[in-house]
Amino acid sequence: MTVRARVIPCLDVANGRVVKGVNFVDLIDAGDPVEQARAYDAAGADELCFLDITASHEARGTILDVVRRTAEVCFMPLTVGGGVRSAEDARALLLAGADKVAVNSAAVTRPEVVADIAERFGSQCCVASIDARRVGDGRWEVSTHGGRRETGIDAVAHALRLADLGAGELLVTSMDRDGTKSGYDLDLIRAIADRTTVPVVASGGVGGLDDLVAGIRDGHASAVLAASIFHFGQASIADAHAALAAAGIAVRKPAGDKG
Amino acid sequence: MGGIALIDYGAGNLHSVANALKAAGATDLAVTDDPAAVLRADRIVLPGVGAFGACAAALRGVPGMIDALERRVRIEGVPFLGICVGMQLMADAGEEMGTHEGLGWIDGRVRRLDPHGADAKVPHMGWNDVAPTRPHPLIEPGEAYFLHSYAFEGADVIATTDHAGPVTAAIGRDNMIGVQFHPEKSQRYGLALLERFLEWRP
């Protein structure tokens, strides 16, 4: 077989606490990202993503503690994004136990930050995260500040540039679709995935398992990221793997199946 | 008894590997950049992420470390595990951003993955097969997490994976084993491999 399509639950973390929480498992403290990470580890998630949405700079250190505690108990790859502005920020997260670091806004104003991180720590740990809004037929622009601010930068060209600068993975979020449950912007995902050799993670808009399948099959993504369908118990990681497998997409074997 | 030495030469995934070894049952684990600790160790683990050349230079930058590894692993034969770039360093040379000399323990070179226009992506990132190509007590068939753009080509391959063609997943000879994938990130499969390493008597 070949490398498996990855299913990645994403947790929003603010000041060390999960914002959109998991409510499908019996957690003692549903706001603790470490406990939720453990639940996803046990559920067989292929990777986990923490997005740090802490507003104040002073509270940034809390994510390092979360990452450190997660890495002590979870033995799956962990990507951390949000507020990463420099190679030093990336270093702190990697030393705490993150496997990959996602850079977003900082790479809009200064794309070279991606090269800084890739040269120091390797492309394999440098994820470029791109938030995009559709501005016409087959055209998207990079947006910042949670989709509220337009930049005029062509999103596809920006993504490809960041890959050239050394990003080892592109996390592509449609801000038109984010939170709508109407599915990924497959044209956007495919427009980038078909033009780069690095893996693309589809993000933004998942409403059901069919959307995950479409992200891989039609969007040509290597991985699918989702938040609420997992957090609110609409689907399990096993459901996601089963739906992908039923569509003929290579995924990991179910836990316990040694065949 | 000297326990397990996990070599600290600045590799970023050091603590993840330490955590996983502890979860696999390691009790006497030293994260160390001290060659004297390596000379006392009963088992040695060399982690590594990033570029081959930078890792090779960092390892050489620890005074006395290469000599200690050579003595303890090659002459005295204690069990050795290299992980990812730590595995690649066992080769003669790596061709990542120039050509850099490796430890030269296993005949071979580390070259960039080239899927030849296939739609396989580089880096090779994600869960993929570990398919043994010859019996080895540490390597069982299964799925593990890979994250790399360069791969080993040469002798003593004991397992492969498939990424638009066979790619080396593990190498080994005598008391030495190296794995391209990340056991510390491969959930049950990875922890079980580390458990076997902790028990291994080559």
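Not measured: the values here are computed from a predicted model.

### A few points about the interface of chain B and chain A
Buried accessible area, meaning the area lost when the parts come together, often serves as the stated size of an interface.
Moving on, step 1. Contact residues are listed per partner, giving 28 residues for chain B and 37 residues for chain A.
Moving on, step 2. Interface area for chain B against chain A, summed over the two sides, is near 2800 Å², with a carbon-plus-sulfur share of 50%.
Moving on, step 3. The tally of links between chain B and chain A comes to three salt bridges.
Moving on, step 4. Of the charged contacts in the structure, one is a salt bridge between B:E143 and A:R4, with a shortest N-O distance of 3.0 Å.

### Here we look at the layout of surface pockets
Residue and element names in this part refer to chain A.
Moving on, step 1. Approximately 1100 Å³ is the volume attributed to the largest pocket.
Moving on, step 2. Lining the largest pocket we find 40 residues, and of these L51, I53, D131, M175 and D178 sit closest to its centre.
Moving on, step 3. At the level of elements, β1 (6-14), β3 (48-52), β5 (100-103), α4 (105-109), β6 (126-136), β9 (169-174) and β11 (223-226) are the ones that each hand at least two residues to the lining of the largest pocket.
Moving on, step 4. For the lining of the largest pocket, the element with the highest residue contribution is β3, accounting for three residues.

### Some remarks on the sheet that holds strand β12 (residues 166-173) of chain B
Residues and elements named next belong to chain B.
Moving on, step 1. The mixed open sheet is built from nine strands, whose spatial order is β2-β1-β3-β4-β13-β12-β11-β8-β9. Bordering the open sheet on either side are β2 (29-32) and β9 (142-148), each of which pairs with just one other strand. Direction aside, the axes of adjacent strands within the sheet are offset by 25° on average.
Moving on, step 2. Contacts between helix α6 (residues 187-199) and the sheet are confined to β1 (4-7), β3 (43-46), β4 (80-83), β8 (124-132), β9 and β13 (176-179), with β3 contributing the most and set at about 145° to the helix.

### Focus on the pattern of salt bridges
Here the idea is simple: oppositely charged side chains can pair when their charged atoms come close.
Moving on, step 1. Scanning the model with the defined rule gives 29 salt bridges over all chains in all.
Moving on, step 2. Between A:D185 and A:R134 there is a salt bridge, and its shortest N-O distance comes to 2.9 Å. Taken together, the residues A:D185 in the loop between β9 and α7 (186-193) and A:R134 in strand β6 connect sequence positions 51 residues apart.
Moving on, step 3. Relative accessible area serves as the criterion here: at 2%, A:D185 is assigned to the buried category.
Moving on, step 4. The salt bridge partner of B:E153 is B:R111, with a shortest N-O separation of 2.8 Å. Of this pair, B:E153 sits in strand β10 (residues 150-154) while B:R111 sits in strand β7 (residues 108-112); the two residues are 42 residues apart in sequence, bridging distant segments of the chain.
Moving on, step 5. For B:E153, a relative accessible area of 42% corresponds to the partly exposed category.
Moving on, step 6. Note on B:R111: relative accessible area 31%, which makes it partly exposed.

### Some words on the nonpolar core
Moving on, step 1. Counting 73 residues, the largest nonpolar core has A:F50, A:V67, A:I117, A:L170, A:L212 and A:F230 as the members making the most contacts within it.
Moving on, step 2. The contacts of A:L212, once residues within four sequence positions are left out, are A:Y184, A:V206, A:V224, A:A226, A:I229, A:F230, A:A240 and A:L244.

### What to know about helix α5 (residues 112-121) of chain A
All names here are of chain A.
Moving on, step 1. Within α5, the full set of buried residues consists of V113, V114, A115, I117, A118 and F121.
Moving on, step 2. Summarising the contacts, the buried residues of α5 are in contact with α3 (87-96), β5, α4, β6 and α6 (155-164).
Moving on, step 3. Backbone geometry just downstream of α5 places G122 in the positive-phi region, at approximately 100°.

### Details of the sheet that holds strand β6 (residues 100-101) of chain B
Residues and elements named next belong to chain B.
Moving on, step 1. Read from one edge of the open sheet, four strands run β6-β5-β7-β10, paired in mixed fashion. The sheet is open, and its two borders are formed by β6 and β10, each paired with just one other strand.
Moving on, step 2. Judged from the two bridges that link them, strand β5 (residues 93-94) and β7 form a sheet pairing that is parallel. Across the sheet, residue A93 finds its bridge partner in β7, namely R109.

### A look at the pairing of strand β4 (residues 78-81) of chain A
All names here are of chain A.
Moving on, step 1. Across the two faces of β4 the burial is the same, with L78 and V80 and T79 and G81 all buried.
Moving on, step 2. Pairing geometry for β3 and β4, over four bridges, is parallel. For L51, the partnering residue across the bridge sits in β4 and is G81.
Moving on, step 3. The parallel pair β3 and β4 is bridged by helix α2 (residues 61-73), and the resulting crossover is right-handed.
Moving on, step 4. The pairing of β4 with β5 spans three bridges and is classified as parallel. In the strand pairing of β5, T79 is matched with K100.
Moving on, step 5. Read as a crossover between parallel neighbours, the route from β4 over α3 to β5 is right-handed.

### Things to note about the environment of A:R190
Residue and element names in this part refer to chain A.
Moving on, step 1. Within the secondary structure, R190 is located in helix α7.
Moving on, step 2. Classification of R190 by relative accessible area gives partly exposed; the value is 27%.
Moving on, step 3. Taking the C-alpha atoms as reference points, R190 and G83, separated by 107 residues in sequence, lie 27 Å from one another.
Moving on, step 4. The contact partners of R190, leaving out residues within four places of it in the chain, are D218, G219 and H220.
Moving on, step 5. A polar atom in the side chain of R190 sits 2.8 Å from the backbone oxygen of D218.

Basis of the calculations
- Residues numbered from 1 in each chain as written.
- Chains lettered and ligands numbered in written order.
- Predicted model: local features only at pLDDT ≥ 70, side-chain atom pairs only at ≥ 80, totals over all residues.
- Heavy atoms only, no water.
- Contact = heavy atoms within 4.5 Å.
- Buried area = accessible area lost by both parts, 1.4 Å probe.
- Salt bridge = Lys/Arg side-chain N within 4 Å of Asp/Glu carboxyl O.
- 1 Å grid on protein atoms, 1.4 Å probe; cavity = no way out; pocket = protein on both sides within 12 Å on 5 of 7 lines; lining within 4 Å.
- Points joined across faces, edges and corners; volume = space filled by probe spheres on them.
- Helix = DSSP H or I, 4+ residues; strand = E, 2+ residues; numbered from the N terminus.
- Pairing = 2+ DSSP bridges.
- Axes fitted to C-alpha atoms, helices over the stretch in contact; angles between N-to-C directions.
- Buried < 20%, exposed > 50% of the residue type's maximum accessible area, 1.4 Å probe, protein only.
- Core = buried A, V, L, I, M, F, W, Y, C linked by side-chain atoms within 4.5 Å.
- Right-handed = clockwise from strand over helix to strand, strands pointing away.
- Polar contact = N/O pair within 3.5 Å; in protein donor to acceptor, adjacent residues only side chain to side chain.

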